[in-house]
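Structural features, examined
Read off the chains here:
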Amino acid sequence: GNSVTQMEGPVTLSEEAFLTINCTYTATGYPSLFWYVQYPGEGLQLLLKATKADDKGSNKGFEATYRKETTSFHLEKGSVQVSDSAVYFCALKNFGNEKLTFGTGTRLTIIP
Amino acid sequence: DVKVTQSSRYLVKRTGEKVFLECVQDMDHENMFWYRQDPGLGLRLIYFSYDVKMKEKGDIPEGYSVSREKKERFSLILESASTNQTSMYLCASSPPGAARELFFGEGSRLTVL
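A quick note: this is a predicted structure, and the numbers were derived from the prediction, not measured.

A closer look at the environment of E101(B)
- Relative to the assigned elements, E101(B) resides in the loop between β9 (87-94) and β10 (103-104).
- Accessibility expressed as a relative area gives 16% for E101(B), which makes it buried.
- Along the primary structure E101(B) and T111(B) are separated by 10 residues, whereas in three dimensions their C-alpha atoms are 29 Å apart.
- E101(B) has contacts with F34(A), Y36(A), L46(A), K49(A), S93(B), S94(B) and P95(B), leaving out every residue within four places of it along the chain.
- Only 3.0 Å separates the side chain of E101(B) from the side chain of K49(A), close enough to count as a polar contact.

Re the interface of chain B and chain A
- Counting from both sides, the interface comprises 24 residues of chain B and, opposite them, 21 residues of chain A.
- Put simply, chain B and chain A have one salt bridge between them.
- On inspection of chain B and its partner chain A, the count reaches 10 residue pairs in polar contact (both at pLDDT 80 or more).
- Residues belonging to the side of chain B that touches chain A are distributed by class as follows: 13 nonpolar, seven polar and four charged.

Re the pairing of strand β6 (residues 54-57) of chain B
Residues and elements named next belong to chain B.
- Across three bridges, the pairing between strand β5 (residues 42-51) and β6 is antiparallel. Considered in β6, the bridge of F48 is made with E56.
- The hairpin formed by β5 and β6 contains two residues between the paired strands, and K53 there has a positive phi angle of roughly 65°.

As for the environment of K3(B)
All names here are of chain B.
- Tracing the chain through its elements places K3 in the segment before β1 (4-6).
- For K3, a relative accessible area of 49% translates into the label partly exposed.
- Taking the C-alpha atoms as reference, K3 lies 5.8 Å from Q25; in sequence the two are 22 residues apart.
- If we ignore the near neighbours within four places in the chain, the residues touching K3 are V24, Q25, D26 and M27.

Remarks on the sheet that holds strand β8 (residues 62-65) of chain A
Residue and element names in this part refer to chain A.
- Reading across from one edge, β3-β9-β8-β7 is the order of the four strands in this open sheet, with antiparallel pairing throughout. In the strand order of this sheet, the two ends are held by β3 (19-21) and β7 (56-59), each with one partner. On average, each strand axis in the sheet is inclined to that of its neighbour by 20°, with strand direction left out of account.

Some details on the packing of aromatic side chains
- According to the stated counting rule, one finds 13 aromatic pairs over all chains in the structure shown.
- Geometrically, the ring pair formed by F34(A) and Y36(A) is tilted, given 6.4 Å between the ring centres and 35° between the ring planes. No difference in accessibility class separates F34(A) from Y36(A), as the two residues are buried.
- Aromatic side chains F62(A) and Y88(A) sit 5.6 Å apart centroid to centroid with 40° between the ring planes, which places their arrangement in the tilted category. Highlighted residues: F62(A) in strand β8 and Y88(A) in strand β10 (residues 86-93), separated in sequence by 26 residues. The pair F62(A) / Y88(A) is uniform in exposure class, with both members buried.
- Here the aromatic residues F34(A), Y36(A), F89(A), F102(A), F33(B), Y35(B), F48(B), Y50(B) and F104(B) are joined through ring pairs into a cluster of three or more.

Looking at the state of the cysteines
- This structure, assessed with the given rule, holds two disulfides over all chains.
- Shown here is the disulfide that connects C23(A) with C90(A), its sulfur atoms set 1.9 Å apart. Its torsion about the S-S bond being -70°, the disulfide of C23(A) and C90(A) is classed as left-handed. Highlighted residues: C23(A) in strand β4 (residues 23-26) and C90(A) in strand β10, separated in sequence by 67 residues.
- Shown here is the disulfide that connects C23(B) with C91(B), its sulfur atoms set 1.9 Å apart. On the S-S bond that ties C23(B) to C91(B), the torsion sits near -80°, and the link is left-handed. Of this pair, C23(B) sits in strand β3 (residues 19-25) while C91(B) is found in strand β9, placing the two residues 68 residues apart along the sequence.
- Judged by its relative accessible area of 0%, C23(B) falls in the buried class.

About the cut-offs
- Residues numbered from 1 in each chain as written.
- Chains lettered and ligands numbered in written order.
- Predicted model: local features only at pLDDT ≥ 70, side-chain atom pairs only at ≥ 80, totals over all residues.
- Heavy atoms only, no water.
- Helix = DSSP H or I, 4+ residues; strand = E, 2+ residues; numbered from the N terminus.
- Buried < 20%, exposed > 50% of the residue type's maximum accessible area, 1.4 Å probe, protein only.
- Contact = heavy atoms within 4.5 Å.
- Polar contact = N/O pair within 3.5 Å; in protein donor to acceptor, adjacent residues only side chain to side chain.
- Salt bridge = Lys/Arg side-chain N within 4 Å of Asp/Glu carboxyl O.
- Nonpolar A, V, L, I, M, F, W, Y, C, P; charged D, E, K, R; others polar.
- Pairing = 2+ DSSP bridges.
- Axes fitted to C-alpha atoms, helices over the stretch in contact; angles between N-to-C directions.
- Phe/Tyr/Trp six-rings, centres within 6.5 Å; stacked < 30°, edge-to-face > 60°.
- Disulfide = S-S within 2.5 Å.

See below:
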């Protein structure tokens with residue numbers, strides 16, 4: 001079946017540091033891949049997505065590249081801000097299946 | 001702006017009570033979902049619906065049921081609440097298609113005493 005594994009948190013970084021949150025997946029076929037973000041007290045919102053191999057999703061300075069050869073979709077940002085403090089979820093959706101399968105989430109805290 | 005609205009942000013219920021969680025979307029989406037979010041476990045799918053009156057079990061349907069009488073509304077029902085159902089419940093909707101993202105509500109935090 002489908003599964004998503006993301007690095008365990010919590011992750012604490014200083015402002016302007018480089019961020020990587022690792023995500024790998026197991027799926028049959030060619031899934032679409034997503035990163036969602038959950039700010040304190042809010043629901044999940046889409047951060048970025050990629051729908052085929054070698055696609056790069058980007059938004060708000062965050063990037064992730066769909067790597068089929070390593071079955072990975074790592075989230076990166078060059079310079080984090082305090083406002084990026086949130087929980088980040090990696091997820092996949094397989095062709096012919098409307099359900100999103102989520103990783104366990106990574107809590108990120110940025111300190112000034 | 002697209003919107004998924006969950007009727008209650010916070011609920012406190014007693015063991016054995018029947019609990020209704022309501023969700024409404026204004027985007028005319030075919031698919032609607034109920035997830036449960038617990039620390040360390042991420043989001044787990046309880047039920048989803050791909051059309052009015054249609055439903056399918058997710059990964060953890062035990063102790064829950066759902067109702068979708070209208071396209072825009074999807075209700076989650078706990079027939080007899082138990083303490084292990086204390087959790088954050090997230091409703092989502094989406095159009096059909098593997099590349100289409102889910103849109104989430106703000107969540108309903110349920111405490112069962």
